[in-house]
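Residues per chain are reported as follows:
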Amino acid sequence: MRKLLLTLGFCLMAIFVFAQDADDIVGVWEPGHGKARVKIDNIDGKYYGRIVWLKEPNDPETGEAKTDVNNPDKSMANVPLRGYRILKDFEYKGKGEWAEGTIYDPETGNTYNSVITWKDENTLDIRGYVGVRTFGRSDTWRRLKVR
């Protein structure tokens, strides 16, 4: 009985540690270009990121909030970029990797398969690719301290 309780205790601890590592990604991050800030959240066990700040929030021509004008789905062209979900469906795979998700680039209107790799508590490597991870590009995102 004691062995069973000990084993059960270790299993529960392992599950807690796994969940703790998975949620390390939650927070506000700044992509390498510095033009936006993205808040990553855990929603029902998957990870999503939405734009919460833009360096240039308004279109210089119209003065209105920037919208998703490059989206190939023209019905999305009037959707504001602030609040737009650009990271979708990431699952924690363990060892500091979130995969099976996509990243949307509002500057090109393209969506890519993506993997997120934990570098340290303040640094993520975000890789977008088509087909195979080898054929893609990476960006370094920095965590922002939110007051």
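Calculation rules
- Residues numbered from 1 in each chain as written.
- Predicted model: local features only at pLDDT ≥ 70, side-chain atom pairs only at ≥ 80, totals over all residues.
- Heavy atoms only, no water.
- Helix = DSSP H or I, 4+ residues; strand = E, 2+ residues; numbered from the N terminus.
- Buried < 20%, exposed > 50% of the residue type's maximum accessible area, 1.4 Å probe, protein only.
- Contact = heavy atoms within 4.5 Å.
- Core = buried A, V, L, I, M, F, W, Y, C linked by side-chain atoms within 4.5 Å.
- Pairing = 2+ DSSP bridges.
- Axes fitted to C-alpha atoms, helices over the stretch in contact; angles between N-to-C directions.
- Salt bridge = Lys/Arg side-chain N within 4 Å of Asp/Glu carboxyl O.

(A) Local environment of the environment of leucine 144. Checked against the element boundaries, leucine 144 lands in the segment after strand E8 (136–143). The partly exposed category is assigned to leucine 144, whose relative accessible area is 23%. Excluding residues within four positions of it along the chain, leucine 144 makes contact with Val28, Glu30 and Arg37.

(B) Broad picture of the nonpolar core. Counting residues in each nonpolar core, the largest one holds 22 residues, and the members touching the most others are Ile40, Tyr47, Ile86, Leu87, Ile116, Leu124 and Trp141. Contributions of two or more residues to this core are made by strand E2 (36–43), strand E3 (46–54), strand E4 (85–94), strand E5 (97–105) and strand E7 (123–129). For this core, the element with the most residues is E4, which contributes 4 residues. Beyond its immediate chain neighbours, meaning those up to four positions away, leucine 87 contacts Val38, Ile40, Tyr47, Tyr48, Gly49, Thr102, Ile103, Ile116 and Trp141.

(C) Quick look at the sheet that holds E2. In spatial order, the strands read E1-E2-E3-E4-E5-E6-E7-E8; together these 8 strands close into a barrel with antiparallel pairing. Neighbour-to-neighbour, the strand axes of this sheet turn through a mean angle of 35°, independent of strand direction. Summarising the sheet, E5 and strand E6 (residues 110–120) pair through 7 bridges and their orientation is antiparallel. Residue aspartate 105 lies in a different strand from E6, and its bridge partner there is asparagine 110.

(D) Broad picture of the pattern of salt bridges. Enumeration over the complete set of coordinates arrives at 8 salt bridges. Of the charged contacts, one joins glutamate 91 and lysine 46 as a salt bridge, the two residues approaching to 3.6 Å between their closest N and O atoms. Of this pair, glutamate 91 sits in strand E4 while lysine 46 is found in strand E3, placing the two residues 45 residues apart along the sequence. A salt bridge links arginine 137 to aspartate 105; the shortest N-O distance between them is 3.5 Å. Pair noted here: arginine 137 is in strand E8 and aspartate 105 is in strand E5, with a separation of 32 residues, a long-range link. The exposure class of arginine 137 is exposed, given its relative accessible area of 57%. Residue aspartate 105 is classed as buried on the basis of its relative accessible area of 15%. Through salt bridges with shared partners, one network takes in Lys46, Glu91 and Lys93.

(E) Summary view of unusual backbone geometry. Look at aspartate 44: it is not a glycine, yet its phi comes out positive at around 55°. Tracing the backbone shows aspartate 44 in the loop between E2 and E3. Residue aspartate 44 is classed as exposed on the basis of its relative accessible area of 80%. Backbone geometry places glutamate 100, a non-glycine residue, at a positive phi of 70°. One can find glutamate 100 in strand E5. Judged by its relative accessible area of 57%, glutamate 100 falls in the exposed class.

(F) Representation of the pairing of E2. In the sheet, strand E1 (residues 27–30) pairs with E2 via 3 bridges, with the strands oriented antiparallel. Looking at E2, one finds that valine 28 is bridged to lysine 39. As consecutive antiparallel partners, E1 and E2 are separated by 5 residues, and within that stretch glycine 34 has a phi angle of approximately 70°, a positive value. Note: E2 against E3, 8 bridges, orientation antiparallel. The partner of aspartate 41 across the bridge, within E3, is tyrosine 48. In this structure, the hairpin formed by E2 and E3 is closed by a connection of 2 residues, where aspartate 44 is found at a positive phi of approximately 55°.

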